[in-house]
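# Structural description and commentary
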Amino acid sequence: MTLLAIDWASVGIKVVQFILSFSILVILHELGHFLPARWFKCRVEKFYLFFNPWFSLFKKKIGDTEYGLGWVPFGGYVKISGMIDESMDKEQMAQPAQPWEFRSKPAWQRLIIMLGGVTVNVLLAFTIFIMIMWIWGDRYIPVSNLKYGIFADTLGRKIGLKDGDKIIAVGGKPIIRTNKIGTEIIMNEAKSMTVLRGADTMQLAIPTGFISQLSKNRLEGFIALRYPQIVDSVPPNVKVLNGDVRKGDTLIGIEGHFIQFASDLSKDTTFNFERGLKSLNYAFRRGNDTVRAVIARDDKTGTGIKYKNPEDILGYVQINYTLLQAVPAGITKSMTTLRDYIRNLKLLFTSKEVKVQDNLGSVVSIASVFPSEWDWESFWSLTAIFSILLAFMNVLPIPALDGGHALFTLYEMISGRKPSDKFMEYSQLVGMVLLFGLMAYAMGLDIFRFFK
């Protein structure tokens, strides 16, 4: 990839969605600490979105609290008086405890304050998924609708798949949703898949190394849906230099090359048209007739013709929910998301093929999963997913995370002995070193992938 090949408009949309999504998550997470701290009469000195070493982009003090916007987009924080946190304020901790300080509060109150952020993230994920189920429902293309089969990409062909095959089971488990095939292979470390080829059913072995490559490629390069390119609309900016193109026309040729399916454009290397071409010769099927058109193009927007998406061509299953039905459906979706994440996390430590370096990513990787065009359903789905994952990561018993603080407080409640401030300081420092080291490693992996 070169800098010239990057679609900066798409990158900008991804970045804006990422910033908005994580701003929502961070603000509500920190609010989960802020509110119980105030309820229990703790003084909150700072409430920040993003970190602010050396300076802040914005800050305003209201009452005892300074509200601000930092310039390092790696989260946010609330600074509660008398709490050993990322500020490492040793001077304050050396003074006698004051009634308004966190350390002077009963253990049960401190536990509630520390777990407030996690609680809010869980409730937020539940709420968003419930609303998604209510507003948009659940939609998917079933495997049974793939009348044209699949397109076997490079990885697919390596294990014996052919264009037109239908994958009906993975590891003996029937597959219902087309978008779950690759995930099922990785999550279950499947050794085989069942394929319907024409009228014949066959078993294809999944060789050692395939899952590793599939995971490394982030599910890309395996298979794609196979469907014809049918014109959905011809926007006013499309310049037809000669001939005619209309909604409902089916693309059957470009520059003399036969086109049957959308995947043909990526499969046949002869379609790597020179970027300097200013127009292309198209052939379309309209009923029983063949029509031709010469259409202007540019390197950024192509011709501008809009084609139907695979859901409209192949058909899909739409499950709608009333608000009452959406509540259990949304909660189930949240828990399924968390369960799959934990299973994937487990594979990083138990699988010989799912490697940390292939799956770990920084904010760059996270931002890249947002769509290149603004889509509210995708935006809120990803925000809900990240919210439940943020809750899980924060509750891990690691110093510097909410779970680490909660663990020490639980120890105090059970044993009756409070860990010393010096122990808490060293634990916080160790935790911060581990977290920042992990963040730096993840960023390094993303930089390596970009230049590779």
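None of the values given here were measured: they were computed from a predicted structure. Numbering of residues begins from 1 in every chain and follows the order in which that chain's sequence is written. Owing to the predicted nature of the model, reporting of local features is limited to residues with pLDDT of at least 70; listing and counting of side-chain atom pairs is limited to 80 or more, with chain, interface and lining totals taken over all residues. Heavy atoms throughout the structure, all of them, feed into the side-chain values; hydrogens and water do not.

### So, the pattern of salt bridges
A pairing counts as a salt bridge when a side-chain nitrogen of Lys or Arg comes within 4 Å of a carboxyl oxygen of Asp or Glu. Across all of its chains, the model carries 14 salt bridges by this definition. Note that Arg246 is salt-bridged to Asp244, the shortest N-O span being 2.8 Å. Residue Arg246 is classed as partly exposed on the basis of its relative accessible area, which comes to 48%. Each residue is assigned to one of three classes by its accessible area relative to the maximum for its type, calculated with a 1.4 Å probe on protein chains only: buried under 20%, partly exposed between the two thresholds, exposed over 50%. Take Asp244: its relative accessible area is 29%, and that puts it in the partly exposed class.

### Regarding the pairing of strand E10 (residues 200–205)
The rule for pairing is simple: two strands pair if DSSP sees at least two bridges between them. Per the convention used, a helix needs a DSSP run of H or I reaching at least four residues, while a strand needs a run of E reaching at least two, with both numbered from the N terminus. Where strand E9 (residues 192–197) meets E10, 6 bridges bridge the pair, whose relative direction is antiparallel. Bridge assignment links Val195 to a residue of E10, and that residue is Met202. Taken together, E9 and the strand that follows it, E10, pair antiparallel across an intervening segment of 2 residues, in which Gly198 is found at a positive phi of about 65°.

### Quick word on the packing of aromatic side chains
Each pair of aromatic rings taken from Phe, Tyr and Trp, with Trp reduced to its six-membered ring, is defined by centres within 6.5 Å and is described as stacked if the planes are under 30 degrees apart, edge-to-face if over 60, and tilted in the remaining cases. In this structure the tally under the stated criterion is 22 aromatic pairs. Ring geometry for Phe22 and Phe386: centres 5.4 Å apart, planes at 45°, overall tilted. Remark: Phe386 occurs in helix H12 (residues 376–395) and Phe22 occurs in helix H1 (residues 8–39); sequence separation between them is 364 residues. Summarising the burial analysis for this pair, Phe22 and Phe386 share the class buried. Above the face of the Trp100 ring, Arg43 is positioned so that its terminal group lies 4.2 Å from the ring centre. Here, over-ring charges are defined by two tests on the NZ atom of lysine or the CZ atom of arginine: distance to the ring centre within 6 Å, and angle to the ring normal within 35 degrees.

### Comments concerning helix H3 (residues 107–135)
The end-to-end C-alpha distance of H3, which contains 29 residues, comes to 42 Å, matching closely the 42 Å that a straight helix rising 1.5 Å per residue would cover. Bend is computed residue by residue as the angle between axes fitted to the seven residues ending at the residue and the seven residues starting at it. When the local axis directions of H3 are compared, the greatest deviation, roughly 45°, occurs at Gly116. A positive backbone phi angle near 75° is found at Gly137, which sits one or two residues after H3. In a helix, the anticipated span is given by 1.5 Å times the number of residues less one.

So yeah, pure geometry; function would need other evidence.
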